[in-house]
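# Chain and residue survey
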Amino acid sequence: MTVKEFKTLGAKHLKESPSAMLDIQVFLSHFLKKDRTFILMNQDFEIPGEALEKLLNAVKKRKTGLPVSYITNSKEFFGYDFFVTEDVLIPKPDTEILVMRAIDLIKSAVNSGEKKIEILDICSGSGCIGISVLKTLQNEFKNQAEFTIYFSDISEKAIEISKTNAKRLLDSEQNIFFIKSNLFQNISKEFNFILTNPPYIPKKMALDLLKDGRNEPLIALNGDVTLSGNDSDSSDGLEIIRNLVPEAKNHLKQNGCLLIETGEYNSLETQKILKNSGFCDLKIHKDFEGQNRVNEGIKK
């Protein structure tokens, strides 16, 4: 089967997908290990048997609603290629807002004389937030400052995936630590910066989202869960955040900063939680579509 023939076949099977041709292009590039220019310029290229089998299987999986990133085990985030499986959320572009703000704040701290910066990426999932921040800082500051980062998640499988991404993407694993923890349960240190994209979606909304076969882990979406893992009495997606924010303040150094991703529908309530927990200099940063996305607070 040629590239052109596979595109025709794939489009026929994926006509329900809103991004069918893009999906097919990604599959071809990934499984043929060729860039998009090659795919476009070589429509009559005969696909080797082993690659064709993988491509046909990929189309079959995509037809069920499974995201392309889970099929290829790959997702670009902040310019880096992250390994992902169904055990972690697929990194989303809006989360890059948190990464960019964290980088700006940490740069400012270093330029103001801070030479040792300790960072916690809690509810870390694939590790995309902390790794993107650290890689950028290491590239810019080299030996000018010492960065120590901790990745924490309740899921052992998520921890293993973040370890894999750290090995793949970071030049050095020095001063990088991984902790399996239910929020701050197994964390005793204080940090200069705490970065987090916790579960913040109301359970009913999360269940509705998963009906399309996307297979993202409910545990990483559902914010209506108590520390014991039971359903909370609330239905606003903020139960985890209500537990996380006060503890985050207790684990920040003086003038330390918390950056937390939220939904556009509950960011204002999250800001109230930060205020009631004693955080100062509160800010909300908007995502690429102009929606409230990242809450910021400082411990004074």
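Scroll up for the structure.
Residue positions are given per chain, counting from 1 as you read along its sequence in written order. Under the rules for a predicted model, residues below a pLDDT of 70 receive no local features and side-chain atom pairs below 80 are neither given nor counted, while totals for whole chains, interfaces and linings still include all residues. Calculation of side-chain values draws on the structure's entire complement of heavy atoms; hydrogens and water are dropped beforehand.

This next bit is on the overall build of the chain. Secondary structure elements follow DSSP: runs of H or I no shorter than four residues count as helices, runs of E no shorter than two count as strands, and numbering proceeds from the N terminus. Helix and strand counts for the chain come out as 11 helices and 9 strands. Just to be clear, the radius of gyration here is over C-alpha atoms, and the globule rule we use is 2.2 Å times residues to the power 0.38. Against the globule reference of 19 Å for 300 residues, the chain gives a C-alpha radius of gyration of 21 Å, in line with a compact fold. Summarising its shape, the C-alpha atoms of the chain cover approximately 65 × 50 × 35 Å along the three principal directions. Note on areas: Shrake-Rupley, 1.4 Å probe, and residue coverage restricted to the protein chains presented here. Surface accessibility of the chain: about 14,500 Å² in total, with carbon and sulfur atoms responsible for 49%. When charges are counted, neither His nor the chain ends are considered; positive counts come from Lys and Arg and negative counts from Asp and Glu. Positions of charges follow a simple convention, taking NZ of Lys, CZ of Arg, CG of Asp or CD of Glu. Charge-centre separation for the chain: the mean point of 40 positive side chains lies 1 Å from the mean point of 42 negative side chains.

Another point: the pattern of salt bridges. Any two side chains of opposite charge can pair if their charged atoms end up close together. Here a salt bridge means any side-chain nitrogen of Lys or Arg lying within 4 Å of a carboxyl oxygen belonging to Asp or Glu. Considering all chains together, one arrives at 21 salt bridges under this definition. Between lysine 163 and glutamate 160 there is a salt bridge, and its shortest N-O distance comes to 3.5 Å. Of the two residues, lysine 163 and glutamate 160 both sit in helix α8 (residues 156-169), 3 residues apart, roughly one turn of that helix. Among the salt bridges present, the one from glutamate 216 reaches arginine 214, with a minimum N-O distance of 3.9 Å. Burial status follows relative accessibility: with a 1.4 Å probe on protein chains alone, a residue under 20% of its type maximum counts as buried, one over 50% as exposed, and anything between as partly exposed. A residue is classified by how much of its surface remains accessible, and arginine 214, at 24% relative accessible area, is partly exposed. Within this structure, Lys92, Asp212, Arg214 and Glu216 form a network of salt bridges that share partners.

The end-to-end C-alpha separation of helix α6 (residues 96-111) is 22 Å, in line with the 22 Å expected for 16 residues at 1.5 Å each. Here α6 has its buried residues at Glu96, Ile97, Leu98, Val99, Ala102, Ile103, Leu105, Ile106, Ala109 and Val110. Remark: glycine 113 follows α6 within two positions and exhibits a positive phi of approximately 115 degrees. Given a helix with a known number of residues, its expected span is that number minus one, times 1.5 Å.

Another point: the sheet that holds strand β3 (residues 116-122). Spatially, 7 strands are ordered β5-β4-β3-β6-β7-β9-β8 in an open sheet, and the strand pairing comes out mixed. The open sheet terminates on both sides in strands that have one partner only, identified here as β5 (176-180) and β8 (280-286). Strand after strand, the sheet turns through a mean of 15 degrees between neighbouring axes, direction not considered. At least two DSSP bridges between two strands are needed for those strands to be called paired. Across 5 bridges, β8 lies against strand β9 (residues 292-298) in antiparallel orientation. Pairing of cysteine 280 across the sheet is with isoleucine 298, part of β9. Running over the sheet, α6 touches β3, β4 (146-153), β6 (191-196), β7 (252-261), β8 and β9 and is turned about 160 degrees from β7. We call two residues in contact when some of their heavy atoms are within 4.5 Å. Inter-axis angles, ranging from 0 to 180 degrees, are taken between N-to-C directions of lines fitted to C-alpha atoms, where helices are fitted over the stretch in contact. Against the sheet, helix α10 (residues 239-250) makes contact with β3, β6 and β7, and its axis sits at roughly 155 degrees relative to β7, the strand it touches most.

The complete set of buried residues in α10 reads Glu239, Ile240, Ile241, Leu244, Val245 and Ala248. Summarising the contacts, the buried residues of α10 are in contact with β3, β6, β7 and α11 (267-276).

On to the nonpolar core. We define the nonpolar core as a collection of buried residues of types Ala, Val, Leu, Ile, Met, Phe, Trp, Tyr and Cys that are connected through side-chain atoms lying within 4.5 Å of one another. Core analysis: the biggest nonpolar cluster contains 35 residues, and Ile106, Phe147, Phe193 and Leu195 have the highest contact counts within it. A per-element tally of this core places α6 first, with 9 residues. Core analysis: the next-biggest nonpolar cluster, separate from the first, contains 28 residues, Ile122, Ile194, Ala206 and Leu258 among them.

This part takes up the pairing of β4. Among the 8 residues that make up β4, 7 are buried, leaving the element largely enclosed by the rest of the structure. In the sheet, β3 pairs with β4 via 7 bridges, with the strands oriented parallel. The residue of β4 that forms the bridge with leucine 120 is tyrosine 150. The handedness rule is simple: strands pointing away from the viewer, and a clockwise path from the first strand over the helix to the second, make the crossover right-handed. Note on the crossover from β3 through helix α7 (residues 128-141) to β4: the handedness is right-handed. Here β4 pairs with β5 via 5 bridges, running parallel. In the strand pairing of β5, phenylalanine 151 is matched with phenylalanine 178.

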